[in-house]
Amino acid sequence: GVQPRPAPAAAPQLPAGELTPQNWVQVIGALLPENAIISDESNTSGLMLPAATAGAPRHDVLTLTGGAIGQGLPVALGAAVAAPDRPVIALQADGSAAYTISALWSMARENADVTTVLINNSSYAILRMELARVGAEADGGRYGPKAEALLDLSRPNMDFAKIAEGFGVPASVATTCEELAEQFRRALAEPGPHLIDARMPSVF
């Protein structure tokens, strides 16, 4: 019989417009450098990351295991120390970043070559998804206002660009695909740590 032959994966084209949970991964896939190490704790915002990076140059992915919230930034630092000749990219959700944000100080102290793209949707979207999985929605398909308030990371919003700079890591803010692409290229080209505060709406 005829055996199916899968089409080779191709890197995505650079998207345009406002950042969304669907298109930011295409920017990463289109610009991922050769031999990169990705520390992936993008959680719900990174659901399409495997497809977007399938056609990218060869790379390794260190991903969330066992629900260890906050592991992404320390894992990226460890990868940079272990493999100083390889570019390390931390894809980090905002809620879980708050658990171990001090890893940025260590990145600055060690001059670790880590480019952090912090997915900032001002919510614990992963916990919203877990509530839905256990059927905790209230009447009308949503949980109550007290539960909703616990999953909201605004009031006040965390300014991750300022937090990074406070720890000694150069930082910028991106709200469009074009800004993310330009800032990602620049961060990869410069040695040492960088953080891009990628602001977008929540997927949930």
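Just above, that's the structure.
Below you will find a few notes about this structure. (Residues numbered from 1 in each chain as written. Predicted model: local features only at pLDDT ≥ 70, side-chain atom pairs only at ≥ 80, totals over all residues. Heavy atoms only, no water.)

**Focus on the packing of helix α1 (residues 24-31) against helix α9 (residues 177-189)**
Where α1 contacts α9, the two axes come as close as 10 Å, and the packing angle between them is 35 degrees. In terms of crossing hand, the pair formed by α1 and α9 is right-handed. Residues Trp 24, Val 27, Ile 28 and Leu 31 of α1 lie in contact with α9, whose contacting residues are Cys 177, Leu 180, Ala 181, Phe 184, Arg 185 and Leu 188. The class makeup of the residues in the contact of α1 with α9 is 9 nonpolar, no polar and 1 charged. (Axes fitted to C-alpha atoms, helices over the stretch in contact; angles between N-to-C directions. Helix = DSSP H or I, 4+ residues; strand = E, 2+ residues; numbered from the N terminus. Left-handed = near helix turned anticlockwise from the far one by under 90°. Contact = heavy atoms within 4.5 Å. Nonpolar A, V, L, I, M, F, W, Y, C, P; charged D, E, K, R; others polar.)

**Considering the nonpolar core**
If you look at the biggest cluster of nonpolar residues, it comprises 24 residues, and the most contacted ones within it are Leu 19, Trp 24, Leu 91, Val 117 and Leu 180. Listed by contribution, the elements that provide at least two residues to this core are α1, β1 (36-41), α2 (49-53), β3 (88-93), β4 (114-120), α9 and β6 (194-199). Broken down by element, the residue count for this core peaks at 5 residues, all from α1. Ala 79, Ala 83, Ile 101 and Leu 195 belong to the second largest nonpolar core, which has 21 residues in total. (Core = buried A, V, L, I, M, F, W, Y, C linked by side-chain atoms within 4.5 Å. Buried < 20%, exposed > 50% of the residue type's maximum accessible area, 1.4 Å probe, protein only.)

**Some words on the environment of Ala 189**
Tracing the backbone shows Ala 189 in helix α9. Taking the C-alpha atoms as reference points, Ala 189 and Pro 87, 102 residues apart in sequence, are found 9.8 Å from one another.

**Quick notes on the pattern of salt bridges**
Within the structure shown, the criterion is met by 4 salt bridges. Residues Arg 186 and Glu 182 are paired through a salt bridge, measuring 2.6 Å at the closest nitrogen-oxygen approach. In this pair, Arg 186 and Glu 182 both sit in helix α9, 4 residues apart, roughly one turn of the helix. The partly exposed category is assigned to Arg 186, whose relative accessible area is 36%. Glu 182 gets classed as partly exposed once you look at its relative accessible area, which sits at 39%. (Salt bridge = Lys/Arg side-chain N within 4 Å of Asp/Glu carboxyl O.)

**Some thoughts on α9**
With 13 residues, α9 should cover 18 Å at 1.5 Å per step; its first-to-last C-alpha distance of 18 Å lies within 8% of that length. Residues Cys 177, Leu 180, Ala 181, Gln 183, Phe 184 and Ala 187 constitute the buried set of α9. Lining the buried residues of α9 we find α1, β3, β4, β5 (171-174) and β6. (Expected span 1.5 Å × (residues − 1).)

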